[in-house]
Every structure is written in C-alpha cells, then in structure tokens.
Amino acid sequence: MRKRQRKAQFILVSIGLTLIVLTYFYYPQINKDSKSSNNQLVQEDFKDELANDQFSSFENVEYEGLYDLDKPFSVQSEKAYMLDSDPDLVYMTNMHVILYLKDGRIVDITSNKGRYNKTSQDCFFKENVRVTDNETKIFSENFDLLASENFAKAYNKVKLNNPNGTLRADQLEYNFETKHFKISMFDEKVVKMKVLK
C-alpha cells in the first residue's frame, strides 16, 4: 500500500514539476520566439525604413481620422509598428482604408504595405494598391491620400477602370468630390479628364 502511495506521490510531483517548467520556462520562450518571428517579418517588410531603430509592434490596429477636414475615414492593418524615434508614423502590412464621402459613396483602399501619419492623418500605400468606389477602380503600386488635400495621387503602373473606359498612366491625381482626374504620361504630357455619369 505504501509503495502505491509513494508511486502516486512521485507521479503527482513529477507532473507538478513538469507544469512549472512548461509554464515558467518553455511557454514564455515559445511566445518570445513567436514575437521575434513576427518582428522579423515586419523588419523584412520595412527593412529600408527601420535602419536599426527600435520599434514597437502591434496586431489588428485601427485608427479613425478626417480627410479634407470633413470626410471620416478609418485605417486598419493586420500588423503594424512604430519607430521609437518617430511614434507618429505607423508602418502597416495589409493596410485597409475606408473613406466616407458626402454624397454617400464609400471609397475602399487596400495595399500590401503602407504608412499612416497619426498627426497629419496622411496615408501612403504601396504594393498592389487597389482603390474603388464601386464605380471607378484604380490599381497602382503607390497611392498617397493626403488628409489636408482635395485629391489623392496614384503612381507607378497605374491602371484605371471606369464605366467610360480603361486607361493606363504613369501618374494619376483624383479628386473624389469633383471626380476629376489629372493624368501624367511617360512623356510628361498632362491630360485632364472628368468622369461623366
């Protein structure tokens, strides 16, 4: 009988020690490695911007702001980080912005990467940018949405799809309110156009 009790006590103590080791040594190391892995992915995404600076990383980030002082928008990201030296600038992966216009249209902007300035509320998108208001679709490698301006700028491999046609350009400035485009081509010629309903 005593042998069984000792054996049971030994098993319980072993389980307890195993749980202590797992809880205080093994699991924190796994979590640390996971965070380190996430930080490495962020570092690879924004290696030019990091320049050996310290940063904080976040997941599932959302900010609210105003475009052109009266149009609300939200900025969302799966992963984000801020440099300790410049905490107003948020670097994001899988960036998503929703802009609400006065006429009821909703502009949806997505990109693989981007930056959001919390102070100026400017957004800078890069890689596989897609902009749509369900009528006009703009695809590019870069897209700047400046909160204090009345227009946004798409550049690098710009393609515009619209009910009136499709065009390709070097650079495109778009005023969401007036629906005017200013298109720049490779030979520096500028074309102005308005989307008609």
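Residues numbered from 1 in each chain as written. Predicted model: local features only at pLDDT ≥ 70, side-chain atom pairs only at ≥ 80, totals over all residues. Heavy atoms only, no water.

## Structural notes on unusual backbone geometry
Test applied: A run of H or I in DSSP counts as a helix once it spans at least four residues, and a run of E counts as a strand once it spans at least two, with each numbered from the N terminus. Accessible area is worked out with a 1.4 Å probe on protein chains only. A residue is then buried under 20% of its type maximum, exposed over 50%, and partly exposed in between.
Backbone geometry places Asn60, a non-glycine residue, at a positive phi of 50°. The backbone phi angle of Lys157 is positive, close to 60°, even though this residue is not glycine. Relative to the helices and strands, Lys157 is located in strand 7 (residues 152–162). Classification of Lys157 as exposed rests on a relative accessible area of 69%.

## A closer look at the nonpolar core
Defined as follows: Residues belong to a common nonpolar core when they are buried Ala, Val, Leu, Ile, Met, Phe, Trp, Tyr or Cys residues joined through side-chain atoms within 4.5 Å.
Core analysis: the biggest nonpolar cluster contains 32 residues, and Phe143, Leu145 and Phe176 have the highest contact counts within it. Sorting the residues of this core by element identifies strand 2 (71–83), strand 3 (86–100), strand 4 (106–117), strand 5 (123–132), strand 6 (137–145), strand 7, strand 8 (165–175) and strand 9 (180–184) as the ones contributing at least two each. Ranked by the residues each element gives to this core, the list is headed by strand 3, at five residues.

## Concerning empty space enclosed by the protein
Threshold: Both cavities and pockets are sets of points on a 1 Å grid over the protein atoms alone; in a cavity a 1.4 Å probe fits but cannot get out, in a pocket the set is open with protein on both sides within 12 Å along at least five of seven lines, and lining residues sit with an atom within 4 Å of a point. Grid points are joined across faces, edges and corners, and a volume is the space filled by probe spheres set on the points. In this classification, the charged set is Asp, Glu, Lys and Arg, the nonpolar set is Ala, Val, Leu, Ile, Met, Phe, Trp, Tyr, Cys and Pro, and all remaining amino acids, among them Gly, are polar.
Applying the stated rule across the entire model yields one cavity of 30 Å³ or more. There is about 30 Å³ of room inside the largest cavity. Lining the largest cavity, in full, are Val107, Val131, Thr132, Asp133, Thr136, Ile138, Tyr174 and Phe176. Here the lining of the largest cavity is built from residues that sort into five nonpolar, two polar and one charged.

## Brief notes about the environment of Ser111
Short version of the rule: Contacts: residue pairs with any heavy atoms within 4.5 Å of one another. Polar contacts, as used here, are pairs of N or O atoms within 3.5 Å; protein pairs need one atom able to donate a hydrogen and one able to accept it. Residues neighboring in sequence count only if both atoms are side-chain atoms.
Mapped onto the fold, Ser111 is located in strand 4. Using a relative accessible area of 4% as the deciding quantity, one classes Ser111 as buried. The spatial distance from the C-alpha of Ser111 to the C-alpha of Val129 is 4.4 Å, given a sequence separation of 18 residues. When neighbours within four sequence positions are excluded, Ser111 is seen to be in contact with Asn94, Met95, Phe125, Lys126, Glu127, Asn128 and Val129. A distance of 2.6 Å separates a polar atom in the side chain of Ser111 from the backbone oxygen of Lys113.

## Describing the pattern of salt bridges
The condition is simple: In the sections that follow, a salt bridge refers to a side-chain nitrogen of Lys or Arg positioned within 4 Å of a carboxyl oxygen of Asp or Glu.
According to the stated counting rule, one finds three salt bridges in the structure shown. For Asp103, the salt bridge is made with Arg105, and the minimal N-O distance between the two is 2.8 Å. Under the relative-accessibility criterion, Arg105 is labelled buried at 11%. Ionic pairing is found between Asp133 and Arg105, a salt bridge with its closest N-O pair at 2.6 Å.

## Structural notes on the pairing of strand 4
For clarity, the cut-off: Should DSSP find at least two bridges between two strands, the strands are regarded as paired.
Two elements, strand 3 and strand 4, share eleven bridges in a ladder whose sense is antiparallel. Bridging from a neighbouring strand, His96 pairs with Thr110 of strand 4. Linking strand 3 to strand 4, which pair antiparallel, is a turn of five residues; within it Gly104 sits at a positive phi near 95°. Looking at chain direction, strand 4 and strand 5 are connected through seven bridges and run antiparallel. Within the sheet, the bridge partner assigned to Ile109 lies in strand 5 and is Val131. Counting the residues between successive antiparallel strands, the hairpin from strand 4 to strand 5 contains five residues, one of them, Gln121, with a positive phi of roughly 65°.

## Thoughts on a nonpolar patch on the surface
The criterion, for reference: Two joining distances apply to patches: 9 Å for like charges and 5 Å for nonpolar side chains (Val, Leu, Ile, Met, Phe, Trp, Tyr), and every residue must have over 30% relative accessible area and no salt bridge. Where accessible areas are quoted, they stem from the Shrake-Rupley method and a 1.4 Å probe; at the residue level, only the protein chains shown are allowed to cover.
On the surface, Phe10, Ile11, Ile15 and Leu19 cluster together to form a nonpolar patch covering roughly 410 Å² of accessible area. Positionally, Leu19 belongs in helix 1 (residues 2–45).

## What to know about the packing of aromatic side chains
For clarity, the threshold we go by: Two rings from Phe, Tyr or Trp (for Trp, the six-membered ring) form a pair when their centres sit within 6.5 Å of each other. Planes less than 30 degrees apart are called stacked, planes more than 60 degrees apart edge-to-face, and all others tilted. Charge over a ring is defined by NZ of Lys or CZ of Arg lying within 6 Å of the ring centre and within 35 degrees of the ring normal.
On inspection of all chains with the given rule, the structure shows four aromatic pairs. Taking the centre distance of 5.3 Å and the plane angle of 35° together, the rings of Tyr63 and Tyr116 count as tilted. In this pair, Tyr63 is assigned in strand 1 (residues 55–67) and Tyr116 in strand 4, connecting sequence segments 53 residues apart. Here Tyr116 falls in the buried class, since its relative accessible area comes to 2%. Note on Tyr81 and Tyr91: the rings are 5.0 Å apart at their centroids and 15° apart in plane angle, and the pair reads as stacked. Highlighted residues: Tyr81 in strand 2 and Tyr91 in strand 3, separated in sequence by ten residues. The burial state of Tyr81 is the same as that of Tyr91; both residues are buried. Each residue in the set Tyr63, Phe73 and Tyr116 is aromatic and connected to the rest through ring pairs, giving one cluster. A cation over a ring is seen here: Lys153 above Tyr155, with NZ or CZ 5.3 Å from the ring centre.

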